[in-house]
Amino acid sequence: MATFEDLQVLKSAEVIADSIWKKVVEWDEFAKDVLGKQITRSADSIGANIAESVGRYNFGEKLQFLYYSRGSLFETKYWLNRIQERKLMKPDEIREYVDGLTALARQLNAFASGLKTVRAEQKKTSVRESAPEYTTDLSEESFTLFFSEEDLAFLNS
């Protein structure tokens, strides 16, 4: 049986996160502290949220964590913009990361769409019991169980 480690979308997220880590550790302390920690956390969060999504039972929760992952992906793109502006990486390196993140965003969207399809199919094929039919006996004999002759006389007057 496949595990979450076998997911291509998770593998793609890990490759990007590990590559960013390797770049950041080369920076000076100030750059690491200000930008390095932020981009490393956001890049790591992409894969972490994918993994957490897989571990959830409820489809709504699974999708929610995939949306968190996508949010972290866009946060990572934001930090790449800051890195480019501050010239901490070469433009071609940044372009490579942006392209990788864009491809990963497509994978995330496809993964989320697949979950939505599975959820819709399960709803169609789920087995539900029909609602029980509730009836009441409104004959005079049934009221005698709940009301005395005196009560019935009062109600009928």
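The structure this text deals with has already been given above.
Rules behind the numbers
Residues numbered from 1 in each chain as written. Predicted model: local features only at pLDDT ≥ 70, side-chain atom pairs only at ≥ 80, totals over all residues. Heavy atoms only, no water. Core = buried A, V, L, I, M, F, W, Y, C linked by side-chain atoms within 4.5 Å. Buried < 20%, exposed > 50% of the residue type's maximum accessible area, 1.4 Å probe, protein only. Helix = DSSP H or I, 4+ residues; strand = E, 2+ residues; numbered from the N terminus. Expected span 1.5 Å × (residues − 1). Polar contact = N/O pair within 3.5 Å; in protein donor to acceptor, adjacent residues only side chain to side chain. Phe/Tyr/Trp six-rings, centres within 6.5 Å; stacked < 30°, edge-to-face > 60°. Salt bridge = Lys/Arg side-chain N within 4 Å of Asp/Glu carboxyl O. Contact = heavy atoms within 4.5 Å. Axes fitted to C-alpha atoms, helices over the stretch in contact; angles between N-to-C directions. Parallel < 35°, antiparallel > 145°, perpendicular 65-115°, else oblique. Left-handed = near helix turned anticlockwise from the far one by under 90°. Nonpolar A, V, L, I, M, F, W, Y, C, P; charged D, E, K, R; others polar.

Caption draft 1: Expanded view of the nonpolar core. The biggest cluster of nonpolar side chains holds 31 residues, and the ones touching the most others in it are I50 and L104. Listed by contribution, the elements that provide at least two residues to this core are helix 1 (8-24), helix 2 (29-54), helix 3 (59-85) and helix 4 (91-125). Here the element with the most residues in this core is helix 4; it accounts for 9 residues.

Caption draft 2: Spatial organisation of unusual backbone geometry. The backbone of K87 sits at a positive phi, close to 55°, despite the residue not being glycine. Among the structural elements, K87 can be located in the loop between helix 3 and helix 4.

Caption draft 3: Representation of helix 3. Taking 1.5 Å per residue as the helical rise, helix 3 with its 27 residues ought to reach 39 Å, and the 40 Å between its terminal C-alpha atoms agrees with that figure. Backbone nitrogen of G60 and a side-chain oxygen of the N-cap are separated by 2.6 Å at the start of helix 3; the cap is N58. Where helix 3 ends, the next residue or the one after it, K87, has phi of about 55°, a positive value.

Caption draft 4: Molecular detail of the packing of aromatic side chains. Inspection of the entire model under this criterion finds 2 aromatic pairs. Here the aromatic rings of Y78 and W79 are separated by 5.0 Å at their centres, their planes lie at 75°, and the arrangement is edge-to-face. Among the residues examined, Y78 registers a relative accessible area of 42% and is labelled partly exposed. Here W79 falls in the buried class, since its relative accessible area comes to 15%.

Caption draft 5: Representation of the pattern of salt bridges in the model. Per the stated rule, a full pass over the model turns up 6 salt bridges. Across the salt bridge formed by E52 and R56, the nearest N and O atoms sit 2.6 Å from each other. Judged by its relative accessible area of 35%, E52 falls in the partly exposed class. A relative accessible area of 27% means that R56 is categorised as partly exposed.

Caption draft 6: Up close: the side chain of S53. For S53, the location among the structural elements is in helix 2. In this structure S53 touches K62, F65 and L66, once residues within four positions along its chain are discounted.

Caption draft 7: Spatial organisation of the packing of helix 1 against helix 2. At a minimum axis distance of 9 Å, the contact between helix 1 and helix 2 shows a crossing angle of 165°. Between helix 1 and helix 2, the angle is such that the two are roughly antiparallel. Helix 2 is crossed by helix 1, and the crossing has left-handed handedness. Residues V9, L10, A13, A17, I20, W21 and V24 of helix 1 form the contact with helix 2, whose participating residues are K32, G36, I39, T40, A43, D44, I46, G47, I50 and A51. Looking at side-chain class alone, the contact of helix 1 with helix 2 contains 12 nonpolar, 3 polar and 2 charged residues.

Caption draft 8: Seen up close, the side chain of S42. Residue placement: S42 occurs in helix 2. The contact partners of S42, leaving out residues within four places of it in the chain, are S72, E75, T76 and W79.

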